[in-house]
Structures are given as C-alpha cells and as structure tokens.
Amino acid sequence: MTHRPPTYAEGLWRVSRHADVRAVLADPRFVVPAPPPAPPSATGTAGMGWLRSAVSRFANGPEHARRRARAGSLLAPLDLHGLRAEAFGHASAELSRTDPIDVMDRLARRVPVGVLSTALGVPEERREDAVAAVTAIAAAYHPPGHAPASGDRRTAEGDRGVAALAALLGHPGPERLAAVAGLLVQACDATAGLIGTTLILTTSPPPDPRAPRDPRAPHGPRGPAGPPARWPVEALLAESLRYDPPVRLTRRTATVDTVLGGAAVPAGAVLVLDLAAANRDPHAFRDPDRFDPGRERDPGHLGFGGGLRPCPGDGVATALAAGVVEAARGHVRAEPEDGYEPSPNLRVHSRLILRRPGRPDGRLHGGPHE
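Residues numbered from 1 in each chain as written. Predicted model: local features only at pLDDT ≥ 70, side-chain atom pairs only at ≥ 80, totals over all residues. Heavy atoms only, no water.

Points about the pairing of strand β5 (residues 249-254)
- Taken together, the two bridges between strand β3 (residues 30-31) and β5 define a ladder with antiparallel strand orientation. When the sheet's bridge partners are listed, F30 is paired in β5 with A254.
- Bridge count for β5 against strand β8 (residues 270-274) is five bridges, and the pairing is antiparallel. Note on β8: the bridge partner recorded for L249 is D274. (Pairing = 2+ DSSP bridges. Helix = DSSP H or I, 4+ residues; strand = E, 2+ residues; numbered from the N terminus.)

Put into structure tokens, the structure is as follows:
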C-alpha cells in the first residue's frame, strides 16, 4: 500500500494517507457524488433508482441530515445487548446443526440481516424472506458504473427486492421504507465482510499435509499480539476493521478549489478515499501490518468512516457481528480461504468453511446443508 500526498490519475484524485482521508471526511466542502439517473423499476413500483435517491447514503447537506436523523430514530430504541444475544443464539443453533459449515453462506449475511430486519418490523416468521430481499438489494445498491458487468440483472433483482421488503414491512411510507432498507443494506455485505475477515484472522488454518507441523508458527501476517482467545470479541472486530476493512473505498467531490495534503485540488474533482490504505498508514499506526487488537493508543480506524458522515449503525453492526463471531469462536478452518466475491469496493470472502475442533474430515460433502 502506498501512503503519499493526493495524486491525480485517470480522471480521479487518489487519497491514501490517514490524515488526508480524515481531513476530507470532516470537511463539508467535499460531498458525496450524486448517483446517476436510473431507468424505471422492473416491477413498475419503487425500485433501486428510487431507493438510491431516497436514502441518506447518497444525499448531502440538510437533506442528508434529515434522512440520517430518521435512520437514527429507528436505531435508537434497539437494545444492542439483545441484538448481540439474538445473533449469538441464531448462529449457535445453525452451528450445532451444520458441521462443517460455510460461514459466508449460512451465517455472515443471514444472521445479521435476519435479526435486524425483525427488530425493524419484519414478522419473525418472514425473516428468511427479508434476508433474500435485502441480499438482492445490497447486490444492486451502488450506482451503475460502480457495479459489476451484471448490473442490469442485479438491478432487476434489486427492484424486486425493494418491492418484497415493502410488502414484508406492511407497505410503510416511502421515507420509512428508504430508512429501513438503507439500514438493512448496511447490515448486509459490509457486516458479512467483517465477520468473515475476523474469523479468518482468529481461527486456526487447516494444516498443510506437505509441511511439518510447527507449533511456534505465528498466526496471520506478523502474528497477533497474543492469542486471539485472550481478547474480547469487540476488540477483535475493531482491529479487523482497521487491518482489513470490508469497505475499501469511498468517494467525494470537491465543491470548491482547495488544498489537500499540499496538493491543489480543483472544484469538481472526484476523490477516491482509500480507507484500507489509510488504516495501514505507518504515520498513524504503530507496526501497521500487524494484527494487534490492543491498539489503544493509536488513532481511530476508518472502518466505519468518520468525520461528518460516520456510519450511523456502527454499534448495531458491531453487536450483530460480535454475536456471530462469538458463536463460531471455538471452530477451526476446514479448508483454505477461497478468495473474495467480485466487487470494486467491498472485500467479502466468497467461502469460509469452519468445523468443530477434532472433526477428522472438515470438507463439505454434497449440498451446503449436509
């Protein structure tokens, strides 16, 4: 990762230093780019184009503040300890039924989205329908141009997901639907990425049959500061967000000519903020390539953004992820990690097979529920 002053290339300004990224996030002169106009919904009702225009994520100024306040009012009554306990219970039940288990398929999205959707008004017996709807919405959430080539198909599926979620919530008013959908999308892919990365970093990898076993081998890149079992789950999650955040990049547009990190940035410039690089900036973090859950003296990570628009659901996301990670904490990896889902902005493992300790053969046989 490079950490240098903002640089211009291929029509974009790239910002990678921790101090520069934090400065942009805290400066109202840098705004979120508006999503491009979208075609009509495939369902003939509110769809992805409407949703992007209605959530706080793509709004600025007073309208962003108003929409963010609405989302905050939905989150404020939620019991974080209760959400954590419910996520733990659902994950534990699935882990007891399925061994080995693909965490990304059975837990990482399904549990957080299911728990939060019922807390926000979806009937308990329809939670799996909510998971399916939100997963489709999340896959199409980012505007065209930031999505994979299959964006048209995903948009149509997202349109149907919005319609399904509206029905599950009893067809609320548009502002409430947008607020709930935005919160559930944030609890979907990014939380799945956080859960997967934390378990990758804190579970034992499968042994390499070609190599002699070395009990002194450190865990992970540079090794953690002490065994993962000694740290609270919340500390593991926080360091995972710094070390390998699920949301890698975010964008801002300069509204006026300004100077950032010694570079003259003109009005209208689009800046790509490299959150992952900023979280490994050696000028901000001691030994930044070491996974160390005890970083109490270092500045805050940018895994939940920062400045004027930090993630409004950071406490909820942490609680939901903590419940799942705590439930799976005693498991070990049954197969090597298997890469990431295709995305220009998110880092979400495509597959993560865990098993209970002591199981001689951890490979999945047949379907994912066997």
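Examining the sheet that holds β5
- Across the sheet, which stays open at both edges, the five strands sit in the order β1-β2-β8-β5-β3 with mixed pairing between neighbours. One side of each edge strand has no neighbouring strand; the edge strands of this open sheet are β1 (7-9) and β3.
- Docked against the sheet, helix α1 (residues 18-25) engages β2 (12-15), β3, β5 and β8, running at close to 125° with respect to β8. (Contact = heavy atoms within 4.5 Å. Axes fitted to C-alpha atoms, helices over the stretch in contact; angles between N-to-C directions.)

With respect to the environment of T155
- Summarising the element assignment, T155 is placed in helix α8 (residues 151-168).
- Take T155: its relative accessible area is 21%, and that puts it in the partly exposed class.
- The sequence separation of T155 and G47 amounts to 108 residues, and the corresponding C-alpha distance is 8.4 Å.
- Setting aside anything within four residues of it in sequence, one finds T155 in contact with M48, R52 and A140. (Buried < 20%, exposed > 50% of the residue type's maximum accessible area, 1.4 Å probe, protein only.)

Some thoughts on the packing of aromatic side chains
- Here the structure, examined in full by the defined rule, presents three aromatic pairs.
- For the pair Y8 and W13, a centre-to-centre distance of 5.5 Å together with 55° between the ring planes defines the contact as tilted.
- Y8 sits in the exposed class, given a relative accessible area of 54%.
- Under the relative-accessibility criterion, W13 is labelled buried at 11%.
- Lying across the ring of Y243, R280 places its NZ or CZ 4.0 Å from the centre. (Phe/Tyr/Trp six-rings, centres within 6.5 Å; stacked < 30°, edge-to-face > 60°. Lys NZ or Arg CZ within 6 Å of the ring centre and 35° of its normal.)

Concerning the side chain of R127
- With respect to the element layout, R127 can be found in helix α7 (residues 127-139).
- Residue classification places R127 among the buried residues on the basis of a relative accessible area of 10%.
- A polar contact of 3.2 Å, which involves the side chain of R127, links it to the side chain of H90.
- Excluding anything up to four places from it in sequence, R127 contacts E86, H90, V111, G114, V115, T118 and V122. (Polar contact = N/O pair within 3.5 Å; in protein donor to acceptor, adjacent residues only side chain to side chain.)

Side note on the pattern of salt bridges
- Taken as a whole and assessed by the stated rule, the structure comprises 26 salt bridges.
- Ionic pairing is found between R97 and E94, a salt bridge with its closest N-O pair at 2.8 Å. Here R97 and its partner E94 are both found in helix α4 (residues 80-97), three residues apart, which amounts to about one turn of the helix.
- By relative accessible area, R97 is classed as exposed at 55%.
- Among the salt bridges present, the one from E239 reaches R242, with a minimum N-O distance of 2.9 Å. Linking E239 with R242, this pair stays in helix α11 (residues 233-243), spanning three residues, or about one helical turn.
- You can call E239 buried: its relative accessible area is 4%.
- Given a relative accessible area of 2%, R242 falls into the buried group. (Salt bridge = Lys/Arg side-chain N within 4 Å of Asp/Glu carboxyl O.)

What about the packing of α11 against helix α13 (residues 314-328)?
- Between α11 and α13, the least distance of the axes is 9 Å, while the angle of their chain directions is 115°. Looking at the two axes, α11 sits roughly perpendicular to α13. Between α11 and α13 lies a crossing whose hand is right-handed. Residues V233, E234 and L237 of α11 touch α13, and the partners they reach there are T318, A321, A322, V325 and E326.
- Split into classes, the residues belonging to the contact of α11 with α13 amount to five nonpolar, one polar and two charged. (Parallel < 35°, antiparallel > 145°, perpendicular 65-115°, else oblique. Left-handed = near helix turned anticlockwise from the far one by under 90°. Nonpolar A, V, L, I, M, F, W, Y, C, P; charged D, E, K, R; others polar.)

With respect to the nonpolar core
- Judged by nonpolar contacts, the single largest core of 71 residues is most densely connected at L51, V103 and L165.
- With nine residues, α13 is the single largest residue contributor to this core.
- For L51, the contacting residues outside a window of four places in its chain are I137, Y141, V162, A178 and A181.
- Judged by nonpolar contacts, the second largest core, of 16 residues, contains V265, A269, A278 and L302. (Core = buried A, V, L, I, M, F, W, Y, C linked by side-chain atoms within 4.5 Å.)

Concerning α1
- Among the residues of α1, H18, D20, V21, V24 and L25 are the ones counted as buried. Projection of α1 onto a plane perpendicular to its axis shows the buried side chains occupying an angular sector of 165°, all on one side.
- Looking at the packing, one finds that the buried side of α1 touches β2, β3, β5, β6 (258-260), β8 and α12 (275-278). (Arc of directions from axis to C-beta.)

Notes on the environment of R230
- Structurally, R230 can be placed in the loop between α10 (189-202) and α11.
- R230 sits 63 residues away from P293 along the chain, and the two C-alpha atoms are 9.9 Å apart.

What to know about the confidence of the model for the protein
- Per-residue confidence for the protein gives a mean pLDDT of 88; residues scoring 70 or more make up 85%.
- Predicted confidence for residues 364-370 stays below pLDDT 50, and this span has 11 contacts to residues more than four positions away or in other chains. (pLDDT = per-residue confidence, 0-100.)

Here we look at the sheet that holds strand β9 (residues 332-333)
- Within the open sheet, the three strands sit side by side as β4-β10-β9. Their pairing is antiparallel. Both edges of this open sheet fall to β4 (101-102) and β9, since each of them pairs with a single strand only.
- Relative to strand β10 (residues 353-355), β9 is paired through two bridges, and the arrangement is antiparallel. Opposite V332, over in β10, you have R355 as the bridge partner.

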